[in-house]
Amino acid sequence: MTDVPVPNETTRPPQISASDRGFLMRFAEQRKVLFNLALRSMLLTIVTLGIYRFWMITKLRRHYFGAIHISGDPLEYTGKPLEKLLGFLVAIVILAVYLGLVNLMLTFVGLSLANDDPVLSIAGLYLTLFATLPLIFYAQYRSTHYILSRTRWRGIRFGLVPGAWGYTWRGLLWTGLTIITLGLANPYAHFKLAKYVTDRARFGDQSFEQGGRWTMLFGPWMLIYAFMIPMGLGAFLQEAMLPGGPLLTVIGLVGIYFAIFRYQFIAFKKLWSEKRLGGATFESHLSPLNAIAILLTGVLVTIVVVIGLSIVGFILVQGVNTAFDLERLMEISTAQDSVEAIAALLDNLPSILILLAIYFTAIAVLFAVGQVYFTLRILARKVETMQIHNAISLAEAHQRGRDEAGEAGGFADALGVDVGAGF
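Here's a quick rundown of the structure. Since the structure is predicted, the reported quantities are computational estimates derived from the model, not experimental observations. (Residues numbered from 1 in each chain as written. Predicted model: local features only at pLDDT ≥ 70, side-chain atom pairs only at ≥ 80, totals over all residues. Heavy atoms only, no water.)

## Here we look at the overall build of the protein
- Across its full length, the protein carries 15 helices and eleven strands.
- Across the 423 residues that make up the protein, the buried fraction comes to 41%.
- Of the roughly 22,100 Å² that the protein leaves accessible, carbon and sulfur atoms contribute 70%. (Helix = DSSP H or I, 4+ residues; strand = E, 2+ residues; numbered from the N terminus. Buried < 20%, exposed > 50% of the residue type's maximum accessible area, 1.4 Å probe, protein only. Areas by Shrake-Rupley, 256 points an atom, 1.4 Å probe, with all protein chains shown as cover.)

Okay, structure coming up:
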C-alpha cells in the first residue's frame, strides 16, 4: 500500500528551537470529545457485530496520539482501519490452521499415552493453552512494530526493526524462568524484554537505547510478596475454621492488586528515565501515588455511573414490561419445539430489541467512561511528567523508509493482546 502524501511529509530533520534543549511534554485533554468518540464508536462496533472495532481503535489512537505535544507539535498516527481489518482476517486463518493442527496432535498424543487415564487426558488437552503462548509474544512485538511504523512527529517516522521471533523465544525463556522462581525473576524478564524492544526502536535514522539494570525493578516488585503473608494467613484461618480468615484474604488480594499497579508505574518511570535517543535523554517524575489516586477516582466514578445506569435501566425495563408484558418472554424458553420457539421469538421481538438496546447502550457508556477516567487520565499523567533533555539533538534525525503494514497487528487483535491505544 502506497503512502498517502501529507503536507508535513518531509525528508528534512525536524526544526528544533533553542528552547527545545530541555522541556516537558504536554497532553491536551479533551474529555468531552473523547467521551463522544468512544461512545459513538462502541455503539457502532456493537451494531456491526464487531466489524467497526478496527475503525474504533484507529480513531482512538489518533485522538490519543494527537493529544501528545512535544515542543508544541503533536504526534501523528497514520494507521488505517482497513489495514487492521485485513490483517485480522489473515491472522484468523493462520491461527485456525495452527491451533487446529496443535489440537489434533495433542489429542492424538494424549489419547495414545494416557491409556484411559482421565488426568493425563485432561492434561494433554490443557497443553493447547500453552501452545498459544509463543503467538502472544509474537503478536505483541508485531503490534508494537505496526504502531511505531505508523507514528510520526514533525513528519519523521518512528519504527521498529524486525525481531519478532527473537522477542518470542526470549519471552518464552524468561517466562519459564519467572514460573520456576515463583515470580522472583519477573523484574529481570520485564527489563530484558523492554530493552529488547527499545534497542530496536527508531526515530528516523536515530536509534533508541535502553540503559539501566534490571535490579532497579526488583525492590518495587518485592512489595507484592509482602501482601502474600496476610493472604496466606487468611487461608490458614479459614481452613482452621477460625475468625478473620476472609478479611485477611481480601486484604491480601487487594494489596497484591495495588502493589502490581504500583510496580507497573514505577517500572515505567525507571525505564523511561534510562532511555536515550541519539544525544537526547529522557526523565520521568511520575508518582505512583498519583496514579493510584486516578485509579481510585475512576473506580468511584464507575460505581456512580453503574448505579445511575441501573436506576435508569430499571425504569426503562418497567416501561417495557408495561408496554409488552415481559413475562411473555418465558414462552421462548418453555417452547416445546423450534417452530414454537421461533414463533414466540417473533411475537416478542420488539421487547427483546428494546432490552438489548438498553443493555448494549449501558456497555457503551461504561466503555466511554473507562476511556475518559482511566485511559485518558493515566496517559495524561504519564506524558505531563515526562521530560526530554538535549532535545536539540533530534534535529539530526532524517526520514526513514515507510514500513509495510504486514498483518497490521492482526495477531494481537485475534488473540486479544493488542496494546490498547498504543502505549
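Right, picking up where we left off after that structure.
## With respect to the nonpolar core
- Ranked by size, the top nonpolar core spans 63 residues in total, and within it Met25, Phe27 and Phe203 carry the most contacts.
- The element best represented in this core is helix α14 (residues 349-384), accounting for nine residues.
- Ranked by size, the runner-up nonpolar core spans twelve residues in total, among them Phe191, Leu217, Trp221 and Ala259. (Core = buried A, V, L, I, M, F, W, Y, C linked by side-chain atoms within 4.5 Å.)

## Some thoughts on the packing of aromatic side chains
- In the structure shown here, the tally under the stated rule is 22 aromatic pairs.
- Between Phe65 and Tyr77 the ring centres are 5.4 Å apart and the planes differ by 50 degrees, which places this aromatic pair in the tilted class. One end of the pair, Phe65, is in helix α2 (residues 53-67); the other, Tyr77, is in strand β4 (residues 73-77), and twelve residues separate them in sequence.
- Their ring planes at 65 degrees and their centres at 5.2 Å tell us that Tyr359 and Phe360 sit as a pair that is edge-to-face.
- Classification of Tyr359 by relative accessible area gives exposed; the value is 51%.
- According to the relative accessible area criterion, Phe360 is partly exposed, its value standing at 30%.
- Members of the aromatic cluster, joined through ring pairs, are Trp153, Phe158, Phe203, Phe208, Phe268, Trp272 and Phe282.
- Here Arg53 stacks its cationic end above the ring of Phe54, 6.0 Å away from the centre of that ring.
- Here the guanidinium or amino end of Lys382 rests over the ring plane of Phe268, the centre of that ring lying 4.5 Å away. (Phe/Tyr/Trp six-rings, centres within 6.5 Å; stacked < 30°, edge-to-face > 60°. Lys NZ or Arg CZ within 6 Å of the ring centre and 35° of its normal.)

## Brief notes about helix α7 (residues 186-198)
- An ideal rise of 1.5 Å per residue puts 18 Å on 13 residues; α7 measures up with 18 Å between its terminal C-alpha atoms.
- Along α7, the positions that sit buried rather than exposed are Pro187, Ala189, Phe191, Leu193, Ala194, Tyr196, Val197 and Thr198. (Expected span 1.5 Å × (residues − 1).)

## A few points about the environment of Met216
- Among the structural elements, Met216 can be located in the loop between β8 (206-210) and α8 (218-226).
- Distance from Met216 to Leu271, taken between C-alpha atoms, is 9.0 Å for residues 55 residues apart in sequence.

## So, a nonpolar patch on the surface
- On the surface, Val299, Ile303, Ile307, Ile311, Phe314 and Ile315 cluster together into a nonpolar patch covering about 590 Å² of accessible area.
- Residue class for Ile303 comes out partly exposed when judged on its relative accessible area of 45%. (Patch = residues over 30% accessible without salt bridge, like charges linked within 9 Å, V, L, I, M, F, W, Y side chains within 5 Å. Salt bridge = Lys/Arg side-chain N within 4 Å of Asp/Glu carboxyl O.)

## Here we look at unusual backbone geometry
- Positive phi, close to 55 degrees, is recorded for Leu182, a residue that is not glycine.
- Tracing the sequence through the fold places Leu182 in the loop between α6 (164-180) and α7.
- We note that Asn390 has phi near 55 degrees; this positive angle belongs to a residue other than glycine.
- You can see Asn390 is positioned in the loop between β11 (386-389) and α15 (410-415).

## Some thoughts on the packing of helix α1 (residues 31-47) against α2
- As a packed pair, α1 and α2 sit with axes 9 Å apart at the nearest point and diverge in direction by 170 degrees. By the angle between their directions, the pair α1 and α2 is classed as roughly antiparallel. Here Val33, Leu34, Leu37, Ala38, Ser41, Met42 and Thr45 of α1 lie close against α2, whose contacting residues are Arg53, Met56, Lys59, Leu60, His63 and Tyr64.
- Residue classes in the contact of α1 with α2 are distributed as eight nonpolar, three polar and two charged. (Axes fitted to C-alpha atoms, helices over the stretch in contact; angles between N-to-C directions. Parallel < 35°, antiparallel > 145°, perpendicular 65-115°, else oblique. Contact = heavy atoms within 4.5 Å. Nonpolar A, V, L, I, M, F, W, Y, C, P; charged D, E, K, R; others polar.)

## A look at the pattern of salt bridges
- Taken as a whole and judged by the stated rule, the model has eight salt bridges.
- Two residues, Arg154 and Asp73, come together in a salt bridge whose shortest N-O distance is 2.4 Å. One end of the pair, Arg154, is in the loop between β5 (151-153) and β6 (156-160); the other, Asp73, is in strand β4, with 81 residues separating them in the sequence.
- Residue Glu76 is joined to Arg152 by a salt bridge in which the shortest nitrogen-to-oxygen separation is 3.0 Å. Of the two residues, Glu76 sits in strand β4 while Arg152 sits in strand β5, which places them 76 residues apart along the sequence.

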